[in-house]
Amino acid sequence: MNAGMVENDRMKKRRIGLMGGTFDPIHHGHLVAAEEARYQFGMEKVIFIPAGIPPHKTRKDISQAWHRFEMTRRAVATNPYFAVSDIEIKREGASYTIDTVRAMGEIYKGWEIFFITGADAVLEILTWKNVVELLEMCCFVAATRPGFKLESLGRKLAHLPQGCLEGIKTLEVPALAISSTDIRLRVWQGRPIKYLLPEAVEEYIYQNKLYLL
Ligand code: ATP
Ligand code: MG
């Protein structure tokens, strides 16, 4: 097999996107970023993976995993390319991205895996252990959030080995200044959340009286 054939083979790999997050609650920022990444990188599907006990979150009043799973399930239901996985919430203890990517690599053998995150989250990831191993297993797609400067990403990445940098792609998504934190605060204050997230998720929040404490 010559080098050209190897390259050809690599290019033909089927592609899948993984979108990890707390999703407390999931909102249109997450959904737009995932859809844009899917389109731009030719992924066959994107799997949303709500985190079990997020190792990097310190907020104590994080909603129960099944609420976050159920909101995510409702949010992705209208997109045939989207799915949700309970792999992290079923796992005991803290969820590490590396374990999730490893497990998904077993299920999707031979596929090219993309891990979709916000650019802010990519900076966090670089502080994690096993980052080099992680970058060997998947590519990262970093969606830029409003107010985030890509140059600072470049500086933070400068210390990584050259091969690693190729595994981090950036993606510009339409500016969406939506965050779960703001949505939770709005619910608590009785301000509207309509149009910030899917209607089915909005209904779920009110029906289950989430974010009122
Ligand atoms: P919180 O405010 O509680 O931190 P969040 O809105 O940042 O919540 P997370 O569940 O923490 O949502 O984020 C999951 C992933 O989605 C992360 O990689 C994050 O960077 C990304 N993300 C969150 N909001 C947006 C947005 N508006 N546009 C693009 N990506 C986003
Ligand atoms: Mg966040």
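The structure contained in this document is the topic of the report that follows. (Residues numbered from 1 in each chain as written. Chains lettered and ligands numbered in written order. Predicted model: local features only at pLDDT ≥ 70, side-chain atom pairs only at ≥ 80, totals over all residues. Heavy atoms only, no water.)

1. Considering helix α5 (residues 97-107)
Heads up, the rule is: Buried, partly exposed and exposed residues are distinguished by accessible area as a fraction of the type maximum, computed with a 1.4 Å probe on protein chains only: under 20%, between the cut-offs, and over 50%, respectively. Helix numbers and strand numbers start at the N terminus; a helix is a DSSP run of H or I with at least 4 residues, a strand a run of E with at least 2. Arc definition: it is the arc formed by the directions from the helix axis to the C-beta atoms. Note on contacts: a residue pair qualifies if any of its non-hydrogen atoms lie within 4.5 Å across the two residues.
Among the residues making up α5, those that are buried are Thr97, Ile98, Thr100, Val101 and Met104. The arc that holds the buried residues of α5, viewed along the axis, is 160°, so those residues lie on one side. Contact partners of the buried residues in α5: β1 (15-21), β2 (45-50), α4 (87-90), β4 (112-118) and α7 (131-137).

2. Notes on the site of ligand 1
Rule in force here: A single heavy atom is enough: if one lies within 4 Å of a molecule or strand, its residue is considered near that molecule or strand. Here a polar contact is recorded for every N or O atom pair within 3.5 Å, except that within protein the pair must consist of a potential hydrogen donor and a potential acceptor, and residues adjacent in sequence are included only if both atoms are side-chain atoms. Note on areas: Shrake-Rupley with a 1.4 Å probe; residue coverage comes only from the protein chains shown.
Around ligand 1 there are 21 residues in total, and His30, Gly118, Asp120, Ser180 and Thr181 lie nearest to it. Contact between ligand 1 and serine 180: an oxygen atom at 2.8 Å from a main-chain N or O atom of the residue. Between ligand 1 and threonine 181, the relevant distance is 2.4 Å, taken from an oxygen atom to a side-chain nitrogen or oxygen of the residue. Isolated, ligand 1 exposes 590 Å² of accessible area, and the fraction of that covered by the protein chains is 90%. Put simply, the parts of the chain that give the shell around ligand 1 at least two residues each are β1, α2 (28-41), β4, α6 (119-125) and α10 (180-189).

3. Here we look at the side chain of serine 180
With respect to the helices, strands and loops of the structure, serine 180 is situated in helix α10. At a separation of 2.8 Å, a polar atom in the side chain of serine 180 contacts the main-chain carbonyl oxygen of proline 25. Every residue in contact with serine 180, bar those within four places of it in the chain, is listed here: Asp24, Pro25, His27 and His30.

4. Focus: the pattern of salt bridges
Inclusion rule: Salt bridges are defined as contacts in which a side-chain nitrogen from Lys or Arg sits within 4 Å of a carboxyl oxygen from Asp or Glu.
For the structure shown, the criterion picks out eleven salt bridges. Between lysine 194 and glutamate 202 there is a salt bridge, and its shortest N-O distance comes to 3.9 Å. We classify lysine 194 as partly exposed; its relative accessible area is 39%. We classify glutamate 202 as buried; its relative accessible area is 12%. Where salt bridges share partners, they join Glu70, Arg73 and Arg74 into one cluster.

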